[in-house]
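Observations on the model geometry
Okay, here's what each chain looks like letter by letter:
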Amino acid sequence: MPKKIIKKTKTADVRGKDGQSWLYSDIVKEHFFNPKNFMRYEEEKKFKFNASGRVGSPACGDEMVIWLQINPKTEKIKDCRWRTFGCGSAIASTSVMSEMIKEKGGMKIDDALKITPKDILERLGGLPDRKIHCSVLGDKALQAAINDYFRSTGQHKRIFVSGAKVVDKDLNITDHDIEEAVLEGAQTIEDVQKKLKVGAAKPESRAAIEELVRYYFEKYFGN
Amino acid sequence: MPRPKTIKKIYLDHAATTPVDKRVLAVMKPYFSEKFGNPSALYGLGREAKSAIDGARKTIAALMHALPENVIFTAGGSEANNMAIIGVARSHASKGKHIVSLSIEHHAVLRPLEELAKEGFEITYVPVDKNGLVSAEAIARAIRKDTILVTIMFANNEMGAIEPIADIGREILKFRKANNTIYPLFHTDACQAAGYLDLDVEKSHVDLMSINGGKIYGPKGVGMLYIRRGVNIKPIIFGGGQEKNRRAGTENTAGIVGLAEAFKIAQAQKEKESARERELTKYLWKQISEKIPDTKLNGPEIGDARLPNNLNVTFMNIEGEAMLLYMDEYGIMCSTGSACTSDSLEPSHVLRAMGMSYEMAHGSIRFTFGRSNAKADIGYLMKYLPAIVTTLREISPVNSGAKHARYKK
């Protein structure tokens, strides 16, 4: 792949210097073509980690897995690996996030939990508007992995739960509704629909609902 | 990954648009600055333009087995489709408000149908099979006493399925005879077919047919609608009385002349070019299926039910837009049915209508060949494509089998 073809710039200019159309900033391009810290073939056998998280699904267009090696004493992220199914922006966002949490000797997990899609976007030099949704999975995968760490170390009180928010405007489903449905035994989006007695969710909210179902299922029933 | 010393530009997106043929450009040129007159003007300069348009109309009509006055020029395929659908609906609404179509139609057909649905029309979208094909019988079953229009695409732009237009036309004739009516009228969007298939309106029994220039090596922004004699449609663009009051606006003389020339060339060489491009399609699919594991051909088998230049393939476990970006780096241009390249964030409605899952649609890539392509282009493409797929599959967590990552400790 092209090596260091482009110098870093801050803008998400859609046109390159040669006048050709390019949807993404040079930073996005660099991280897309030369992704950092992704889990290579065979590497998963060797890579040591004590937390992992998985969000999204290929059906929604994006899926991401992240593996973390957290130092239990300092609570710093010493190393990480990821894999992403998704478009250029999804791949670049995960790559840049992996850089953010690893640099300067590793980020503390409490700080890592505060990473927002906006932070990732800023670091990427922006994304075209309709691509922003592709970058929102990174921080969620990171939260899932850190929660996994909390679970496996018995720190259940520290598990990070975001506040109630509506995930499907038409059906008025919030993440708390989904949490309750999962606690009542729902394991799939169809189960949730039955429990909440609502019709089929719009495809665009399916992704979020599926993700929350998985999240709560892992939280309460994962080992 | 290996990088070429010189990046070749390989254009494999001819279903999106084609370059203007040099011969077409040559006949268009005089009509920009020399023979620029308004065809409605009485003086020589205007008459010159008028006669060029009449000539173009005659050329196109003859190739479709139609009469020159049946040909209405428009500003492209989308306008022709809008004009046909909205024009027929508004003109014949008193006779019925039911329309039959397919869910795999181009948006230039689907959107006007949606608008009509808001105005109280009822639209039946007949389902297609897993290859994107519909049967004439299925269309016949959907036709009711109040059906005023059937609009079915000649060939699909995404996976190349060629619909049985002549068979559907015959079923419609049968229905009309049995019910002693002139309805339903039959429209076909032939934009994708015009470069490869016979568009004889008598053989296909269509009443309205849309064609555009940008898909047949002619200029963009110019198209035409064939309207059978006796079929009334309400105009959708109002103004001067051009095109016999059916389409207002000063005629795009250069575009119209170019469209006729492009259509003439395309129809003259369609058999030869179809055979040549079909070989390329077959060869590329053979190469892909041999060299890249976990791929699937989308749409009909490469043969008579598929446009000869279309290859639509799903590369499992990876996402189409990411592949496009990689291929673009190597000079290879093609398209995808993935949601990430659409404004709607929904994967291709065509692939979904064929029953394909979201993940399969996300990984679909469309290669469409054209006149400039040769076997060497496939050689260049196949030098890099397997490595691109491998690279993206390595980054993807959805790999299966032995390479499956350990997600759990």
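Residues numbered from 1 in each chain as written. Chains lettered and ligands numbered in written order. Predicted model: local features only at pLDDT ≥ 70, side-chain atom pairs only at ≥ 80, totals over all residues.

1. Some words on the overall build of chain A
- Helices and strands together make up the secondary structure of chain A, namely 9 helices and 5 strands.
- Along its sequence from the N terminus, chain A presents helices and strands in the succession α-α-β-β-β-α-α-α-α-β-β-α-α-α.
- Residues counted as buried form 46% of the 223 residues belonging to chain A. (Helix = DSSP H or I, 4+ residues; strand = E, 2+ residues; numbered from the N terminus. Buried ≥ 20, exposed ≤ 12 C-beta atoms within 10 Å, placed from the backbone.)

2. Brief notes about the sheet that holds strand β8 (residues 223-227) of chain B
Residues and elements named next belong to chain B.
- Spatially, the 7 strands line up as an open sheet ordered β2-β8-β7-β6-β5-β3-β4, and their pairing is mixed. Only two strands of the sheet have a single neighbouring strand rather than two, namely β2 (71-74) and β4 (122-126). Pairs of neighbouring strands in the sheet enclose a mean axial angle of 20°, with direction left out of account.
- Pairing between strand β3 (residues 98-102) and strand β5 (residues 147-151): 3 bridges, direction parallel. Paired with Val 100 across the two strands is Val 150, which belongs to β5. (Pairing = 2+ DSSP bridges. Axes fitted to C-alpha atoms, helices over the stretch in contact; angles between N-to-C directions.)

3. Describing the nonpolar core
- In this structure, Ile66(A), Leu68(A), Ile209(A) and Met323(B) are the most contacted members of the largest nonpolar core, which totals 86 residues.
- Here Ile209(A) is in contact with Val167(A), Asp168(A), Ile173(A), Ile178(A), Ile189(A), Val192(A) and Ala201(A), once residues within four sequence places are set aside. (Core = buried A, V, L, I, M, F, W, Y, C linked by C-beta atoms within 7 Å. Contact = placed C-beta atoms within 7 Å.)

4. Observations regarding the sheet that holds strand β10 (residues 310-315) of chain B
Residues and elements named next belong to chain B.
- Taken in spatial order, the 4 strands line up as β9-β10-β13-β12 in an open sheet, and their pairing is antiparallel. Of all strands in the sheet, those bounded by a partner on one side alone are β9 (295-297) and β12 (335-336).
- With 2 bridges connecting them, β12 and strand β13 (residues 364-368) associate as antiparallel partners. Considered in β13, the bridge of Ser 335 is made with Arg 366.
- Strands β9, β10 and β13 of the sheet are contacted by helix α11 (residues 270-291), whose axis makes an angle of about 15° with β10.

5. Observations concerning helix α5 (residues 107-118) of chain B
All names here are of chain B.
- The end-to-end C-alpha separation of α5 is 16 Å, in line with the 16 Å expected for 12 residues at 1.5 Å each.
- Of all the positions in α5, only Ala 108, Val 109, Leu 110, Pro 112, Leu 113 and Leu 116 are classed as buried.
- Here the buried face of α5 lies against α4 (77-92), β3, β4, β5 and β6 (185-189).
- Phi turns positive one or two residues past the end of α5, at Gly 120, with a value near 100°. (Expected span 1.5 Å × (residues − 1).)

6. Some words on the domain arrangement of chain B
Residue and element names in this part refer to chain B.
- Domain annotation of chain B identifies domain 1 (10-19 + 270-396) and domain 2 (22-268).
- The C-alpha centroid of domain 2 is placed 28 Å from the C-alpha centroid of domain 1.
- Domain 1 puts 25 residues into the contact, and the matching count from domain 2 is 25 residues.
- Listing elements by their share of the side of domain 1 that touches domain 2, those giving two or more residues are α11, β10 and α13 (349-353).
- Counting residues per element, the side of domain 1 that touches domain 2 draws most heavily on α13, which supplies 4 residues.
- For the side of domain 1 that touches domain 2, the per-class residue count stands at 10 nonpolar, 11 polar and 4 charged. (Domains from an automatic or database assignment. Nonpolar A, V, L, I, M, F, W, Y, C, P; charged D, E, K, R; others polar.)

7. Quick notes on the pairing of β13(B)
All names here are of chain B.
- Where burial is concerned, most of β13 is hidden: 5 out of the 5 residues are buried.
- Here β10 pairs with β13 via 5 bridges, running antiparallel. Pairing of Thr 314 across the sheet is with Ser 364, part of β13.

8. Quick notes on the confidence of the model for chain B
All names here are of chain B.
- With 95% of its residues at a pLDDT of at least 70, chain B reaches an overall mean of 93.
- Ignoring residues within four places in sequence, the model shows residues 400-409, a span with pLDDT below 50, making 12 contacts including any to other chains.
- We note a pTM of 0.84 for the whole complex and an ipTM of 0.80 for its interfaces. (pLDDT = per-residue confidence, 0-100.)

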